[in-house]
Amino acid sequence: MVVDALETRELRYFVAVAEELHFGRAAERLGMAQPPLSRAIQQLERRLGVSLLERNRRGVSLTGAGEVLLHEGRAALDATTAAARRTRRAGGADSPGGPRNRLVLAVKAAGSHELLQKLLDAYAAEHDAAEIEVLLCGICEQEGLLRDGRADVALMHTPFNSLAGFDSEELLTEGQIAILPAGHPLAARKTLSLADVSDVPDLPLARWPRYGTYAPGPGPEIHDQTQLAQLIALGRTVAVVPDSARAWLWAEHTAVPLTDAPPVVTHIAWPAHSRSLALARLVRTATCL
């Protein structure tokens, strides 16, 4: 075997150990015994000529080389999973009696509703349009769905989403608003600044997840739009969101424009290596809206 070649099996083994930092838990996660897992990692280190893990009485930790392989290994495993998923979707359209070509479009739940509806209607009118499956996802989940092949294309929002590694086109730029309980004194203002809403003693800012983690702060951790709407209505939090979020406001909410919040840009994004003609047509339709 070529020294620089890595097998998918080896990467799965190593990523499991690197994430668990415990051979026993990693073996259980992989559904195998611990001794062959330990041998596989040792063989991988010998072939690569580097130490990937530090083993001592306190447990297991990653070396610098191990950190690199964990990052690269995750990306490689995502790529192989994505290839399998997208190949199966493409193969379904080629099989006798199979469904027509299908694209999975990832969209944050309650985000870009008007733009999404316009896009779906315009694309459906295209000749030989593919079937579009709308995959509603949580906050900042579009990137992961694109990388592992669960989605073919996504509507993403900067500065909240990362577009690194994707091709993209800008579709919409909008300002941001503060959504407050309708009875709060700040709700009577015509405009607000970020400073106005960032330190209100009785109304802490809602906190959003970024790559699975929440920034520190007194505000509640937000998991979905329904939870956020309820907490605002109860007077427990305030949220800073794109102007298009007005579409889901309740009677108990008030939206106030923010004068100094950075603009939010909605992009249509897709894997840079995609050769899908159906995807190219969808992107063209989106840019013509």
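Rules used in this analysis
Residues numbered from 1 in each chain as written. Predicted model: local features only at pLDDT ≥ 70, side-chain atom pairs only at ≥ 80, totals over all residues. Heavy atoms only, no water. Helix = DSSP H or I, 4+ residues; strand = E, 2+ residues; numbered from the N terminus. Buried < 20%, exposed > 50% of the residue type's maximum accessible area, 1.4 Å probe, protein only. Contact = heavy atoms within 4.5 Å. Areas by Shrake-Rupley, 256 points an atom, 1.4 Å probe, with all protein chains shown as cover. Lys, Arg positive; Asp, Glu negative; His and termini not counted. Charge placed at Lys NZ, Arg CZ, Asp CG, Glu CD. Pairing = 2+ DSSP bridges. Axes fitted to C-alpha atoms, helices over the stretch in contact; angles between N-to-C directions. UniProt positions renumbered as here; feature names shortened; annotations may be inferred. Salt bridge = Lys/Arg side-chain N within 4 Å of Asp/Glu carboxyl O. Domains from an automatic or database assignment. Buried area = accessible area lost by both parts, 1.4 Å probe. Polar contact = N/O pair within 3.5 Å; in protein donor to acceptor, adjacent residues only side chain to side chain. Nonpolar A, V, L, I, M, F, W, Y, C, P; charged D, E, K, R; others polar.

### Here's the deal with the overall build of the protein
Right, on to step 1. Broken down by element type, the protein carries 9 helices and 12 strands.
Right, on to step 2. Seen through its principal axes, the protein has C-alpha atoms that stretch 70 × 55 × 30 Å.
Right, on to step 3. Taking all 289 residues of the protein together, the buried fraction comes to 40%.
Right, on to step 4. The long-range fraction of contacts in the protein, counting pairs at least 24 apart against all pairs at least 6 apart in sequence, stands at 66%.
Right, on to step 5. Accessible area for the protein stands at about 15500 Å²; split by element, carbon and sulfur atoms hold 53% of it.
Right, on to step 6. The average position of the 30 basic charges and that of the 34 acidic charges among the side chains of the protein differ by 6 Å.

### As for the sheet that holds strand β7 (residues 176-181)
Right, on to step 1. A sheet is described by the order of its strands in space; here 3 strands give the open sequence β10-β7-β11, paired in antiparallel fashion. If you trace the sheet from one side to the other, it starts and ends with β10 (239-242) and β11 (253-257), each paired once. Geometrically, the sheet is characterised by an average inter-axis angle of 35° between neighbouring strands, direction not taken into account.
Right, on to step 2. Note that β7 and β11 share 5 bridges and pair antiparallel. When the sheet's bridge partners are listed, A178 is paired in β11 with V256.

### Remarks on the UniProt feature "domain: HTH lysR-type" (unreviewed entry) in the protein
Right, on to step 1. Mapped onto this numbering, the UniProt entry gives "domain: HTH lysR-type" (unreviewed entry) at residues 6-63.
Right, on to step 2. As a span, residues 6-63 carries 62% helix and 14% strand, and end to end its C-alpha atoms are 19 Å apart.

### A word on the pairing of strand β5 (residues 153-158)
Right, on to step 1. Where burial is concerned, most of β5 is hidden: 5 out of the 6 residues are buried.
Right, on to step 2. When strand β3 (residues 102-108) meets β5, the two strands line up parallel, connected through 2 bridges. Following the sheet pairing, L105 is matched in β5 by V153.
Right, on to step 3. In this structure, β5 lies alongside strand β12 (residues 264-271), joined through 5 bridges in antiparallel fashion. Residue T158 lies in a different strand from β12, and its bridge partner there is V265.

### Let's talk about the pattern of salt bridges
Right, on to step 1. Under the criterion given, the structure shown has 15 salt bridges.
Right, on to step 2. The salt bridge partner of E19 is R29, with a shortest N-O separation of 2.6 Å. With a gap of 10 residues between them, E19 in helix α1 (residues 8-20) and R29 in helix α2 (residues 23-30) connect regions that are remote in the sequence.
Right, on to step 3. E19 sits in the partly exposed class, given a relative accessible area of 35%.
Right, on to step 4. R284 is the partner of E126 in a salt bridge, and the nearest nitrogen-oxygen pair spans 3.5 Å. Residue E126 is found in the loop between α5 (113-124) and β4 (131-137), and its partner R284 is found in helix α9 (residues 277-287); the two are separated by 158 residues along the sequence.

### Quick word on the domain arrangement of the protein
Right, on to step 1. Split into domains, the protein comes out as domain 1 (8-89), domain 2 (99-167 + 266-287) and domain 3 (176-257).
Right, on to step 2. Taking only C-alpha atoms into account, the centre of domain 2 sits 27 Å from that of domain 3.
Right, on to step 3. Across the boundary between the two partners, domain 2 contributes 8 residues, which contact 10 residues of domain 3.
Right, on to step 4. Between domain 2 and domain 3, a total of about 790 Å² is buried, with carbon and sulfur atoms accounting for 62% of that surface.
Right, on to step 5. Of all residues in domain 2, A110, I139 and F160 bury the most surface against domain 3, accounting for 60% of the area lost on that side.
Right, on to step 6. Counting across the domain 2 and domain 3 interface gives 0 salt bridges.
Right, on to step 7. The tally of links from domain 2 across to domain 3 stands at 0 residue pairs in polar contact (both at pLDDT 80 or more).
Right, on to step 8. In terms of residue class, the side of domain 2 that touches domain 3 is built from 5 nonpolar, 2 polar and 1 charged.

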